[in-house]
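Here is how the chains run, residue by residue.
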Amino acid sequence: MPILQEEIAFVLPPILTFLAHFVPDRMTLSVQGWHLDETAAQLTLQVTATRPRVCCPLCQTPTSRVPSRDTRTLTDLPWGPYTIRWQLHGRKFFCDHPACARQIFTERFPTVAAPWARRTLRLAERLRACGLALGGEMGARLGHRLGLRTSPATLLRLVQGAPMPPAAAPQVLGVDEWAWRRGQRYGTILVNLEDHQVLDLLPERSADLVAHWLLQHPTVTVVCRERSALYAEGIRRGAPHAVQVVDRFHLVKNLREAIEAFLHEQRPALQAAAAGTAQALTQVAGPVAAPPRYRGRHQCSQAGQQRQEVAPQQRHAAWVATYETAQALHAQGTSVTMIAQQLGLSRPTVYRLLRRTTPPPPRSPQRSGQVLRPYMAYLIRRWREGCTDSMQLWRETRALGYAHSARTVSRFITRLRQASAAGWAPETQTSPYTRPQGPSARAVSFTWVCPEAKRAQDAQLYIDQLLHAEPTMAQAYTLSQAFLVLVRERRGDALAAWMTEASASEIAALARFAQGLQEDLAAITAGLTLPWSNGAVEGHVNRLKLLKRQSYGRAGVGLLRQRVMQAV
Ligand SMILES: [Zn+2]
């Protein structure tokens, strides 16, 4: 027997009493009538104001003198398939205060709708939430699904008109740049590092705007920033007493860039270590005898292979041209920011190009195997089991979810065959550290600053090989690891000693890095001493990227500011 629910006492009240329950403010409004238009699926409520007297919005003097009526049409939340509209009969009042500039005014309903608005507050609130979460286009589409008919332009207006949430007086501020368009236009984001709330979004990356903002927020006592002289200057002007702290993430980034510059000069060692790693990995994993070549269909034709190689060559030629233009502009004295703007690159990319003494080398064609990466372990297992038929293996990986061409699988299988013939373990073919030309200096520099515990096996084997190869390599490694210890354990007190040692070392890139620290020493020492860092800022910068992409790059700073500051 089903459990009986508590009996509901149904009643049949007069319909207007019933409808009155759905009006937001029953103290000031009463429902007088209703009209249902079935074909238009629209219910119209006739609503009138009931307060005998109201206050003038300007001087707050109460008044009850009514010269005329005022009727507005408001859209409210829908009910099922029906649009709900109100015919709101308000009034106009005389202000009786002799000194008041407002002689006549329209009755306001602050709990129901904004003055002159065409929709109720509660409808506007839901529409605004759609706009804040998804932006104009997508927000309007979701609105339609929810029965809230609107346009993208309306949503954007609602979002831009939304009142900002009151922010606590910030004490610890994080400042960083964010890209409007990478390499072309940057803005500034300000985050409260204590509660991780975005405080503001400035349309430019400029000392003036930061100084101006800080002057208006005198409670700030600590500012965490990157190493740019521009923000340092802005903070010095806007908050001269605040402690400036260089973000540790940016210090590690600069160290990594110095390592990369150092490794660029060490090409032969990078290459030799790759061969050593292939051997070491083979010792760990064990080689497989080369199985006989499978001669089936779907072998890559020579013409097809040539066709595929054309596109990367063109890309490489374009990079070489970019490199040469950047070098030429730099030689003429053009600033890095200007070069980045002219060439449509990010500033770090321009720095990377300018640091090079030779044009960038072509990318390895092995990079094209990225889509296969998740299936490589499986393919190697099958290879070790003796399955060498690339079509068969393609079908098997497809069953596991691989959705790309058989040719990519076949190319990987060819590499496994070549590796086996050379006496190497198939595992060497999944690793960027065993390529004959060696990994890029950039890739090694990332592994270099990565904590040992987080390194993959092949990465660690590679670093071991590299350090045993050359004494300068080992010296650079020891020095940079010592710096990373300063960062991780916040040993600002030991920074001076490290700088002396690095400056005296034979590693020019690290010596330059150490001398560079001198320019911003107080803030860097603070960064290596105080607990603050810009991790929360980086998180918001990433969120900002997502919001920007959702607006298809068309959002203005006003809209982005609202969306990043107001979580739905
Ligand atoms: Zn007045």
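Look a little higher up for the structure.
Here's what I pulled together on the structure shown here. (Residues numbered from 1 in each chain as written. Predicted model: local features only at pLDDT ≥ 70, side-chain atom pairs only at ≥ 80, totals over all residues. Heavy atoms only, no water.)

**A look at the coordination of the zinc ion**
Part 1 of the reasoning: Bound to the zinc ion are the protein donor atoms Cys-56 (SG), Cys-59 (SG), Cys-95 (SG) and Cys-100 (SG), situated 2.3 Å from the metal.
Part 2 of the reasoning: Sequence spacing of the donor residues for the zinc ion, all on one chain, is C-x2-C-x35-C-x4-C. (Donors = N, O, S within 2.8 Å, 3.2 Å for Na, K, Ca; no water.)

**Digging into the packing of aromatic side chains**
Part 1 of the reasoning: Counted by the stated rule, this structure contains ten aromatic pairs.
Part 2 of the reasoning: Judged by centre distance (5.9 Å) and plane angle (25°), the ring pair of Phe-93 and Phe-105 falls under stacked. Of this pair, Phe-93 sits in strand E6 (residues 82-94) while Phe-105 is found in strand E7 (residues 104-106), placing the two residues twelve residues apart along the sequence. Here the two residues Phe-93 and Phe-105 agree in accessibility, since each one is buried.
Part 3 of the reasoning: Ring plane angle 40° and centroid distance 5.2 Å describe the contact between Tyr-433 and Tyr-462, whose orientation is recorded as tilted. Of the two residues, Tyr-433 is situated in the loop between helix H13 (406-421) and helix H14 (441-449) and Tyr-462 in helix H15 (residues 457-469); the sequence distance between them amounts to 29 residues. The exposure classification of Tyr-433 matches that of Tyr-462, with both residues buried.
Part 4 of the reasoning: Ring pairing ties together the aromatic residues Phe-18, Phe-22 and Trp-79, which thus form one cluster.
Part 5 of the reasoning: Between Arg-256 and the ring centre of Phe-446, over which it is positioned, the NZ or CZ distance is 4.1 Å.
Part 6 of the reasoning: Across from the ring centre of Trp-394, 4.4 Å away, lies the NZ or CZ of Arg-398, which sits over that ring. (Phe/Tyr/Trp six-rings, centres within 6.5 Å; stacked < 30°, edge-to-face > 60°. Helix = DSSP H or I, 4+ residues; strand = E, 2+ residues; numbered from the N terminus. Buried < 20%, exposed > 50% of the residue type's maximum accessible area, 1.4 Å probe, protein only. Lys NZ or Arg CZ within 6 Å of the ring centre and 35° of its normal.)

**Notes on the sheet that holds strand E12 (residues 243-246)**
What holds strands together in a sheet is hydrogen bonding between their backbones, with the strands either parallel or antiparallel.
Part 1 of the reasoning: Spatially, E10-E9-E8-E11-E12 is the arrangement adopted by the five strands of the open sheet, whose pairing is mixed. At either margin of the open sheet sits one strand with a lone partner, and together these are strand E10 (198-202) and E12. Pairs of neighbouring strands in the sheet enclose a mean axial angle of 25°, with direction left out of account.
Part 2 of the reasoning: As paired elements, strand E11 (residues 222-225) and E12 share four bridges and run parallel to each other. Looking at E12, one finds that Val-223 is bridged to Gln-244.
Part 3 of the reasoning: Relative to the sheet, helix H4 (residues 207-216) contacts strand E8 (172-181), strand E9 (185-192) and E10, its axis offset from that of E10 by approximately 145°.
Part 4 of the reasoning: Most of the contacts of helix H20 (residues 535-550) go to E8, to which it runs at about 30°, and overall it touches E8, E9 and E10. (Pairing = 2+ DSSP bridges. Axes fitted to C-alpha atoms, helices over the stretch in contact; angles between N-to-C directions. Contact = heavy atoms within 4.5 Å.)

Geometric values such as these leave the question of function open.
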